[in-house]
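One letter stands for each residue in the lines below.
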Amino acid sequence: MADVFLVRHGETEWSRSGRHTGWTDVPLTEHGREEARRLVPLIRSHRIGAAFVSPLQRARETAELIGVPDARVDADLREWDYGGYEGVTTMAIQRTRPGWFLFTDGVAPGPPDHPGESPEQVGERADRMLSKVEAALANTEGVVLLVAHGHFLRVLTARRLGLPPSAGALFQLATGTLCRLGTEHDRPVIAGWNIRPGG
């Protein structure tokens, strides 16, 4: 069975400062663009059978820069809806909620159009996306590539491995990196993580 490639978008001002960036459509920094460009040789060395991208500009620009401008936009790849914690750092949240941890505690309620998501709700979106990935793997040759966001891709990885959404906490994911989900003896495995050229 072909592999699934995950690409986290390049650096943004908010990712650099640790602010939770869900629906806020911040652009890549120049460093983030360079992170994406460096992935081109890794992507080009494989046949891409299907590619999907989050609708947010930081992911779409990353997809273009890595050489997959025709990736299909899919809303299920958007980042975790952080609700009332949008734009807030973990340190700031823990001042009022000591010990708070996103993957187990979820988020504070936000405005009506962005009420926030629980880990389980993000897991449901990841499961929907994985169903689309499975369909693509069955109907195409080559790898399936997803270009999206850190916390969402961590949850998706956990679900691909048969783990609960909260297990996404185990998979630290840097900006502008490639991860590879493969199989061993017909079981899902992590075949590569936080890959950068020459790294």
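Residues numbered from 1 in each chain as written. Predicted model: local features only at pLDDT ≥ 70, side-chain atom pairs only at ≥ 80, totals over all residues. Heavy atoms only, no water.

Draft legend 1. Summary view of the overall build of the protein chain. Within the protein chain, the secondary structure is distributed over 8 helices and 6 strands. Reading the protein chain from its N terminus to its C terminus gives the helix and strand order β-α-α-α-β-α-β-α-α-α-β-α-β-β. Over its C-alpha atoms the protein chain spans a radius of gyration of 16 Å, differing by no more than 12% from the 16 Å that the globule rule assigns to 199 residues. Restricting to contacts in the protein chain with at least 6 residues of sequence separation, those with at least 24 account for 68%. Entry remark: accessible area of the protein chain is about 9,200 Å², with carbon and sulfur atoms responsible for 50%. (Helix = DSSP H or I, 4+ residues; strand = E, 2+ residues; numbered from the N terminus. Rg over C-alpha atoms; globule rule 2.2 N^0.38 Å. Contact = heavy atoms within 4.5 Å. Areas by Shrake-Rupley, 256 points an atom, 1.4 Å probe, with all protein chains shown as cover.)

Draft legend 2. Up close: the environment of V155. Structurally, the position occupied by V155 is in helix α8 (residues 150-160). Separated by 33 residues in sequence, V155 and V122 have C-alpha atoms that sit 7.2 Å apart. Residue contacts for V155: discarding those within four places in its chain leaves W80, F103, V122, G123, A126, P165 and G168.

Draft legend 3. Molecular detail of the environment of S45. Structurally, the position occupied by S45 is in the loop between α3 (40-44) and β2 (48-53). For the pair S45 and A169, spaced 124 residues apart in sequence, the C-alpha to C-alpha distance is 30 Å. At 2.9 Å, the side chain of S45 forms a polar contact with the backbone oxygen of L42. (Polar contact = N/O pair within 3.5 Å; in protein donor to acceptor, adjacent residues only side chain to side chain.)

Draft legend 4. Examining the packing of aromatic side chains more closely. With the rule as written, the count across this model stands at 4 aromatic pairs. Geometrically, the ring pair formed by W80 and F103 is edge-to-face, given 5.7 Å between the ring centres and 85° between the ring planes. In this pair, W80 sits in the loop between β3 (72-73) and α5 (90-96) while F103 sits in helix α6 (residues 102-105), placing the two residues 23 residues apart along the sequence. The class of F103 is buried, set by a relative accessible area of 3%. In this structure, R19 is placed above the aromatic ring of W14, and the distance from its NZ or CZ to the ring centre is 3.8 Å. (Phe/Tyr/Trp six-rings, centres within 6.5 Å; stacked < 30°, edge-to-face > 60°. Buried < 20%, exposed > 50% of the residue type's maximum accessible area, 1.4 Å probe, protein only. Lys NZ or Arg CZ within 6 Å of the ring centre and 35° of its normal.)

Draft legend 5. Fine view of the layout of surface pockets. In this model, the largest pocket occupies a volume close to 500 Å³. The wall of the largest pocket is formed by 25 residues, among which R8, G18, H20, T90 and H151 lie closest to the centre. By residue class, the composition of the lining of the largest pocket is 7 nonpolar, 11 polar and 7 charged. (1 Å grid on protein atoms, 1.4 Å probe; cavity = no way out; pocket = protein on both sides within 12 Å on 5 of 7 lines; lining within 4 Å. Points joined across faces, edges and corners; volume = space filled by probe spheres on them. Nonpolar A, V, L, I, M, F, W, Y, C, P; charged D, E, K, R; others polar.)

Draft legend 6. Spatial organisation of the side chain of E117. With respect to the secondary-structure elements, E117 resides in the loop between α6 and α7 (119-139). Here R125 takes part through its side chain, which lies 2.8 Å from a polar atom of the side chain of E117.

Draft legend 7. Inspection of the sheet that holds strand β4 (residues 143-148) at higher detail. A sheet is described by the order of its strands in space; here 6 strands give the open sequence β3-β2-β4-β1-β5-β6, paired in mixed fashion. The sheet terminates laterally at β3 and β6 (187-195), the two strands that pair on one side only. Relative to β6, strand β5 (residues 178-184) runs antiparallel, the two being bridged by 6 bridges. Across the sheet, residue E184 finds its bridge partner in β6, namely R187. Most of the contacts of helix α4 (residues 57-65) go to β4, to which it runs at about 140°, and overall it touches β1 (4-8), β2, β3 and β4. Across the sheet, α8 is in contact with β1, β4, β5 and β6; its angle to β1 comes to roughly 160°. (Pairing = 2+ DSSP bridges. Axes fitted to C-alpha atoms, helices over the stretch in contact; angles between N-to-C directions.)

Draft legend 8. Broad picture of unusual backbone geometry. Residues other than glycine seldom take positive phi values, yet H185 does so here, at roughly 55°. Locating H185 in the fold gives a position in the loop between β5 and β6. Judged by its relative accessible area of 71%, H185 falls in the exposed class.

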